[in-house]
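Working through the structure, step by step
Residue-level listing of the chains:
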Amino acid sequence: MGSSTQTGATREPTDFGERVFRGALVNVTNVCNLSCAHCFVFRADNPNRPKDKMDDATMLAQLEQLRDKHGIRSMLFMGGEPMVRRDLVLRAMPLFERSSIVTNGTYGIPSAPGHLVTVSLDGPREMNDRIRGEGVFDRVKKSVFERDADDGTTVILQMTLTRLNADGIEPFVEEVKDWPVTGIAFTFYVPSLGDETGLGWEDLRERDLVVDRVMGVKRRFPERVKANIGALKLMKSGRCMEVTGEHGETCGLRQMLPLYMGEGGNFERTFCCYGNNVDCTRCGAYAVFNGAYHRAAGTTEEG
Ligand SMILES: C[S@@+](CC[C@H](N)C(=O)[O-])C[C@H]1O[C@@H](n2cnc3c(N)ncnc32)[C@H](O)[C@@H]1O
Ligand code: SF4
Ligand code: SF4
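Note that the structure is a prediction, hence the values are computed from the model and not measured.

**Overview of the sheet that holds strand E5 (residues 154–161)**
- Here 8 strands make up an open sheet; going across it, the order is E6-E5-E4-E3-E2-E1-E7-E8 and the pairing mixed. The open sheet has two edge strands with one neighbour each: strand E6 (183–188) and strand E8 (267–269). Strand-to-strand, the axes of this sheet are offset by a mean angle of 25 degrees, without reference to chain direction.
- Here E5 runs beside E6; their pairing, made up of 6 bridges, is parallel. What sits directly across from Thr 160, in E6, is Thr 187.

Below you can see the structure in the form of structure tokens.
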């Protein structure tokens, strides 16, 4: 673990109490160059208005203070698009035992040896570009192929599944299966309460069919697809509420500290990593179910 050497006049971080949080997430910026319809970050109930009001020195100092106060060991760097503040993120990553980044990949894939970089793509070329913007698929592909595949960074492509792109699962795997990455992952839409976007599944039994399709590509490409059949079984309509609770009561992800960028450029904590006003009864966050699977099995998520 590194230590920052910030000495400037930086302000104290928001008081989040005394609890220990082994994991945390930080939205380093609310700026994003894309505008995906499914994105939870920019929903009305979430802190997301100020853009980059916390400067680098302040953020490095606050992350270090919060790390020491709450015992934070792993940090997930997110946004907005975290690579908008690439230098800051690369300086902040060594502050934690484990750091990872989730990026849209349009600013290149960062080299972060020993760490995880998740790159979002939401289907094969045409489908992805309908969601993420014209030309995005090819820009991301170029970045993936240009990076040094032996630099020690774990790079995972992640497709976020909604009702509207579920048909892209198999073509997506076919299209990216030979890319120089560590693997391909899937997560499912997390709706807001009263979500009217049409992106979620009204009846979770319909989502079950999509979960089955992810299990199908896992069975066909067991090395390339980083999904755990046991975790996917927990996502099925008959089991998911045990894992999430109606209001996140049993959700393991609520043990993480979500640091959103809020009023005055200060960190604000939201209900969970997916923000405020989320519908836990329809949550499709793969990490929730994978975490529950491993807790029950007594294994680690890395294992
Ligand atoms: C919010 S983005 C931030 C990082 C970066 N801009 C990106 O797109 O990867 C992080 C991940 O959350 C996913 N995501 C966005 N909205 C979601 C939602 N409502 N439910 C589930 N995942 C979502 C995105 O597809 C992306 O993979
Ligand atoms: S690129 Fe990421 S942060 Fe930006 S709108 Fe899409 S999902 Fe949201
Ligand atoms: S929306 Fe999902 S991740 Fe958030 S608290 Fe509810 S179950 Fe957990």
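And the narrative resumes.
**Section: the site of ligand 2**
- Near ligand 2, the surroundings consist of Cys 32, Leu 34, Ser 35, Cys 36, Cys 39, Val 41, Gly 79, Gly 80, Glu 81 and Asn 104.
- Residue composition of the shell around ligand 2, grouped by class: 5 nonpolar, 4 polar and 1 charged.

**Considerations on the packing of helix H5 (residues 169–176) against helix H6 (residues 204–220)**
- Interhelical geometry of H5 versus H6 gives an angle of 25 degrees and a closest axis separation of 10 Å. Taken as axis vectors, H5 and H6 run roughly parallel relative to one another. Of the two elements, H5 crosses H6, and the hand of that crossing is right-handed. Residues Ile 169, Glu 170 and Val 173 of H5 touch H6, and the partners they reach there are Arg 213, Val 214 and Val 217.
- Taken together, the residues of the contact of H5 with H6 break down into 4 nonpolar, no polar and 2 charged.

**A short note on the environment of Thr 250**
- Inspection of the secondary structure assignment puts Thr 250 in the loop between helix H8 (240–244) and strand E7 (257–261).
- Along the chain, Thr 250 and Pro 110 lie 140 residues apart, while their C-alpha atoms are 34 Å from each other.
- Aside from chain neighbours lying at most four places away, what touches Thr 250 is Glu 242, Val 243, Thr 244 and Gly 245.

**A few points about the site of ligand 1**
- Around ligand 1, 17 residues are found, and the nearest of them are Phe 40, Asn 104, Ser 120, Thr 160 and Val 190.
- Those elements that provide at least two residues to the shell around ligand 1 are strand E3 (98–103) and E5.
- The residue inventory of the shell around ligand 1, partitioned by class, reads 8 nonpolar, 8 polar and 1 charged.

**Some thoughts on the environment of Asp 150**
- Inspection of the secondary structure puts Asp 150 in the loop between helix H4 (136–146) and E5.
- In sequence terms Asp 150 and Pro 180 are 30 residues apart; their C-alpha atoms lie 9.5 Å from each other.

**Quick word on H5**
- Every buried residue belonging to H5 is among Ile 169, Phe 172, Val 173 and Val 176, and all of these are buried. When H5 is viewed along its axis, its buried side chains cluster within an angular range of 95 degrees and face the same direction.
- As for H5, its buried residues are in contact with E5, E6 and H6.

**Some remarks on the environment of Leu 76**
- Relative to the helices and strands, Leu 76 resides in strand E2 (residues 74–78).
- Judged by the 23 C-beta atoms lying within 10 Å of it, Leu 76 is buried.
- Expressed as a C-alpha distance, the spacing of Leu 76 and Gly 114, which sit 38 residues apart in the sequence, is 14 Å.
- Not counting residues up to four positions away in its chain, the partners in contact with Leu 76 are Leu 25, Ser 100 and Val 102.

**Focus: the nonpolar core**
- Judged by nonpolar contacts, the single largest core of 77 residues is most densely connected at Ala 24, Val 26, Phe 77 and Phe 289.
- Ignoring sequence-local partners within four residues, the contact set of Phe 77 consists of Val 26, Val 28, Pro 82, Val 89, Ala 92, Ser 99 and Ile 101.

**A look at unusual backbone geometry**
- Each neighbour pair has its own omega, and for Gly 79 with Gly 80 the value is 20 degrees, a cis peptide bond.
- For Gly 80, the position within the fold is in the loop between E2 and helix H2 (86–92).
- For Asn 277, which is not glycine, the phi dihedral falls at a positive 60 degrees.
- For Asn 277, the position within the fold is in the loop between E8 and helix H9 (286–297).

**Description of the confidence of the model for the chain**
- Confidence in the prediction of the chain, expressed as mean pLDDT, is 95, and 96% of residues score 70 or more.
- Note on residues 1–7: pLDDT under 50 across the span, and 12 contacts to partners over four residues away in sequence or across chains.

**Considering the pairing of E2**
- Extensive coverage of E2 is indicated by the burial of 4 of its 5 residues.
- As paired elements, strand E1 (residues 23–27) and E2 share 5 bridges and run parallel to each other. Directly across from Asn 27, in E2, lies its bridge partner Met 78.
- In the classification by handedness, the crossover that spans E2, the intervening H2 and the parallel E3 is right-handed.

About the cut-offs
- Position numbers for residues count from 1 along each chain, tracking the sequence in the order it is written.
- Throughout, the order in which chains and ligands are written sets their labels, letters from A for the former and numbers from 1 for the latter.
- With pLDDT at 70 or above as the cut-off, local features in this predicted model cover only qualifying residues; side-chain atom pairs require 80 or more to be listed or tallied, and sums for whole chains, interfaces and linings still use all residues.
- Strands are labelled as partners when DSSP assigns at least two bridges between them.
- In this description a helix means any DSSP run of H or I spanning at least four residues, a strand means any run of E spanning at least two, and both kinds are numbered starting from the N terminus.
- Angles run from 0 to 180 degrees between N-to-C directions of axes, and those axes are lines fitted to C-alpha atoms, restricted for helices to the stretch in contact.
- All residues are tested the same way: a C-beta atom is placed from the backbone, and lying within 6 Å of a molecule or strand makes the residue near it.
- Each residue gets one of three labels, nonpolar for Ala, Val, Leu, Ile, Met, Phe, Trp, Tyr, Cys and Pro, charged for Asp, Glu, Lys and Arg, and polar for the others, Gly among them.
- Angles below 35 degrees are treated as roughly parallel, those above 145 as roughly antiparallel, those between 65 and 115 as roughly perpendicular, and all remaining angles as oblique.
- The handedness criterion is simple: a crossing whose near helix is rotated anticlockwise from the far helix by less than a right angle is left-handed, and one whose near helix is rotated clockwise is right-handed.
- Note on contacts: each residue gets a C-beta atom placed from the backbone, and two residues are in contact if those atoms are within 7 Å.
- In this scheme the burial state of a residue depends on its C-beta neighbours within 10 Å: 20 or more other such atoms mean buried, 12 or fewer mean exposed, and anything in between means partly exposed; the C-beta positions come from the backbone.
- The directions considered for the arc run from the helix axis to the C-beta atoms.
- For this entry, the nonpolar core is defined as buried Ala, Val, Leu, Ile, Met, Phe, Trp, Tyr and Cys residues connected by C-beta atoms within 7 Å.
- You can read pLDDT as the predictor saying how much it trusts each residue, on a scale of 0 to 100.
- A right-handed crossover is one whose linking path, passing over the helix from the first strand to the second, runs clockwise when the strands point away from the viewer.

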